[in-house]
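Descriptive analysis of the structure
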2 protein chains.
Amino acid sequence: MDTRKHIEVCFTPGEYDYYKDEYEIVVVIDVLRATSAICAAFAHGVKSIIPVATIEEASEYQAKGFLVGAERKGQIVEGFDFGNSPYSYMKEELKGQDVVLSTTNGTKALDIAKDAEIVVVGSLLNLQCLSEWLEVQDKNVLCLCSGWQDKFNLEDTICAGAICEYLLGSGKFQSDEDSSIAAKYLYLSAKDNYFGYLKSSSHRRRLKNLNLNEDIKYCLTPNQHDVIPILRNGKLVQI
Amino acid sequence: MDTRKHIEVCFTPGEYDYYKDEYEIVVVIDVLRATSAICAAFAHGVKSIIPVATIEEASEYQAKGFLVGAERKGQIVEGFDFGNSPYSYMKEELKGQDVVLSTTNGTKALDIAKDAEIVVVGSLLNLQCLSEWLEVQDKNVLCLCSGWQDKFNLEDTICAGAICEYLLGSGKFQSDEDSSIAAKYLYLSAKDNYFGYLKSSSHRRRLKNLNLNEDIKYCLTPNQHDVIPILRNGKLVQI
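Below: a short report on this structure. Keep in mind it's a predicted model, so treat the numbers as computed, not measured.

Some thoughts on the overall build of chain A
Per the secondary structure count, chain A includes nine helices and 11 strands. A globule of 239 residues ought to have a C-alpha radius of gyration of about 18 Å, and chain A, at 17 Å, matches this closely. With respect to the principal axes defined by its C-alpha atoms, chain A has extents near 55 × 40 × 30 Å. In chain A, which comprises 239 residues, the share counted as buried stands at 54%.

A few points about the relation of the copies chain A and chain B
The transformation that overlays chain A on chain B combines an axial shift of 0.0 Å with a rotation of 180°, and the residual RMSD is 0.0 Å. Expressed as an axis order, the relation between the two copies is that of a two-fold axis. Relative to the rotation axis, the closest C-alpha in chain A is found at Leu186(A), a distance of 3.6 Å. Interface overlap between copies is the fraction of interface residues in one copy that are interface residues in the other; for chain A against chain B it reaches 96%, indicating a shared surface.

Topic: the packing of helix α5 (residues 154-169) of chain B against helix α6 (residues 178-190) of chain B
Residues and elements named next belong to chain B. Interhelical geometry of α5 versus α6 gives an angle of 100° and a closest axis separation of 7 Å. In this view, α5 runs roughly perpendicular relative to α6, as classed from their interaxial angle. From α5, Thr157, Ile158, Ala160, Gly161, Ala162, Cys164 and Glu165 reach across to α6, where they touch Ser180, Ala183, Lys184, Leu186, Tyr187, Leu188 and Ala190. Here the contact of α5 with α6 is composed, by residue class, of nine nonpolar, three polar and two charged.

Observations regarding the pairing of strand β1 (residues 5-10) of chain A
Residue and element names in this part refer to chain A. The buried fraction of β1 amounts to five of the six residues, a majority that puts the element mostly inside the structure. Across two bridges, the pairing between β1 and strand β9 (residues 173-174) is parallel. Directly across from Lys5, in β9, lies its bridge partner Phe173. Of the strand pairs in this sheet, β1 and strand β8 (residues 141-145) are connected by four bridges, and their pairing is parallel.

Points about the environment of Pro13(A)
All names here are of chain A. Residue placement: Pro13 occurs in the loop between β1 and β2 (25-29). You can call Pro13 buried: it has 21 C-beta atoms within 10 Å. Remark: the alpha-carbon pair of Pro13 and Asp150, spanning 137 residues in sequence, is separated by 6.6 Å. Residues contacting Pro13, with those up to four places away along its chain left out, are Lys108, Ala109, Ile112, Leu144, Ser146, Gly147 and Asp150.

Here we look at the interface of chain A and chain B
Listed per partner, the contact involves 23 residues of chain A and 22 residues of chain B. For the side of chain A that touches chain B, the elements supplying multiple residues, two or more each, are α5 (154-169), α6 (178-190) and α8 (202-209) of chain A. Ranked by the residues each element gives to the side of chain A that touches chain B, the list is headed by α6(A), at seven residues. Class assignment of the residues belonging to the side of chain A that touches chain B gives a composition of eight nonpolar, nine polar and six charged.

Considerations on the environment of Val120(B)
Mapped onto the fold, Val120(B) is located in strand β7 (residues 118-122). Between the alpha carbons of Val120(B) and Asp215(B) there is a distance of 22 Å; along the sequence they are 95 residues apart.

Focus on helix α4 (residues 127-135) of chain B
All names here are of chain B. Taken as a whole, α4 has its buried residues at Leu130, Ser131 and Leu134. The buried residues of α4 all sit within an arc of 100° when viewed along its axis, so they share a single face. In the core, the buried residues of α4 are packed alongside β2 (25-29), β7, β8 (141-145) and α5.

Structural notes on the nonpolar core
In this structure, Cys143(A), Leu144(A), Cys143(B) and Leu144(B) are the most contacted members of the largest nonpolar core, which totals 155 residues. For Cys143(B), the contacting residues outside a window of four places in its chain are Val9(B), Cys10(B), Val27(B), Ile29(B), Gly122(B), Ala160(B) and Ile163(B).

Remarks on unusual backbone geometry
Residue and element names in this part refer to chain A. Cis geometry marks the peptide bond from Leu32 to Arg33, where omega comes out at 10°. Positioned with a positive phi, Asn233 is a non-glycine residue whose angle comes to about 50°. With respect to the helices, strands and loops of the structure, Asn233 is situated in the loop between β10 (229-232) and β11 (235-238). For Asn233, a count of 5 C-beta atoms within 10 Å corresponds to the exposed category.

The rules behind each value
In this numbering scheme, every chain counts its residues from 1 along its sequence in written order. Each chain takes a letter, starting from A, and each ligand takes a number, starting from 1, following the order in which they are written. Selection of residues for local features in this predicted model requires a pLDDT of at least 70, selection of side-chain atom pairs for listing and counting requires 80 or more, and totals for whole chains, interfaces and linings are taken over all residues. Starting at the N terminus, helices and strands are each numbered in turn, a helix being any DSSP run of H or I of at least four residues and a strand any DSSP run of E of at least two. Both definitions apply: the radius of gyration is a C-alpha atom measure, and the globule rule equals 2.2 Å times residues to the power 0.38. Here a residue counts as buried when 20 or more other C-beta atoms fall within 10 Å of its C-beta, as exposed when 12 or fewer do, and as partly exposed in between; the C-beta atoms come from the backbone. Superposing the copies works by least squares over the C-alpha atoms of residues that have pLDDT at least 70 in both of them. What counts as a contact is two residues whose backbone-derived C-beta atoms lie within 7 Å of each other. Axis lines are fitted through C-alpha atoms, for helices just across the contact stretch, and the angle between N-to-C directions can take any value from 0 to 180 degrees. Oblique is the label for any angle not covered by the other classes, which are roughly parallel (under 35 degrees), roughly antiparallel (over 145) and roughly perpendicular (65 to 115). Residues were grouped as follows: Ala, Val, Leu, Ile, Met, Phe, Trp, Tyr, Cys and Pro as nonpolar; Asp, Glu, Lys and Arg as charged; and all remaining residues, including Gly, as polar. Strands are treated as partners if at least two bridges between them are detected by DSSP. Working note: the arc is built from the helix axis to C-beta atom directions. Buried Ala, Val, Leu, Ile, Met, Phe, Trp, Tyr and Cys residues form a nonpolar core when they are connected through C-beta atoms within 7 Å.

Honestly, that's just the spatial picture; any functional story needs more than this.
Written out as structure tokens, the structure reads:
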């Protein structure tokens, strides 16, 4: 009997229902930019992040005095403290704070996955550290890509493919789904030059139009932070 | 202004709603095996194919005296004349006939796409012939992959990627969606050896277990037939 655990990939939150019940760990990925911003925040001393799916919830927290980030379609929502630029989360005033975050795709994916046994946050920034941790958990792992407005996106898939490649290489994991195989292939073509590979990616182009090149470079530079954000009682904290 | 038309890829029928309204032509793809069987049928003289989504509809046609193919999960449904093996559609008795077909994924995708202006059937078997035809239509094209039980599959995506590569190469088309870019990348890695590339594909493995290796080889051998099945008044006919 094959006792290896599964590492699989779900391309969009909309498909999560077809996958969910077989995995103890869900890794939520939104490379540009929500889960990258979350990793950056913990690396720079933020105490916790409360992900909320809607702007209404974000406003309620703001009314209670929380620092609140809210982003839709790549831009800061009017009236909020910041969006989902990783650089916004490196400020001195955020150290030790509980921060609230609502984004177009990433926090929705966190919301959809919240009933899984373990929900962690993945990005290229914490790729190595997260993969090593996943390797020793002895649990089935699903990478849930946040996508872009319910559609497939390339950068989340490549990040998921990198996690697949690492865990399959350990010999402790197997992949059955075609989505996982495709993610791995896409990662292998992309790994030597994320920036070049993703230059035609729709979301990257969209952010470029918003002059967010610095953010993109930061988010596509792997292994900058040894952090693993994990969801506990509705709050992301460091593991 | 960029006047090029769009060639894009939708990975699963479940995501079709996010794409549909912008494309005049939808190419329905189910390489293993529905749309391959449909191409084989027309190449061997079948007059028309009536795709039906449910077994109930298939039974109603059978009661009226039609020859009916019905497949679920790779096997012929009990009581029907054949399943979706391309070889079933090469028989003398089917020449000139109207045939009814219901399959796990492919005919569902045809059903979902039926309100598009033009619906045609794609497979590796008619790749070149279909691509050349699409090139001169001056319309936006969406490749709708049938997937496997609502999930992504590799062989349909690679076929869609081949169509993208051809049309983008003509200079008359552009792709914006990340799914289209990924499909093209996957096709480029696969094109020299479909069989080897797809050896780890879940659906291929599933068919192999059912001893359908001959079917798989046939379906993965490109450009065997110069046919373009098109949907007209609920019936597939040759263009």
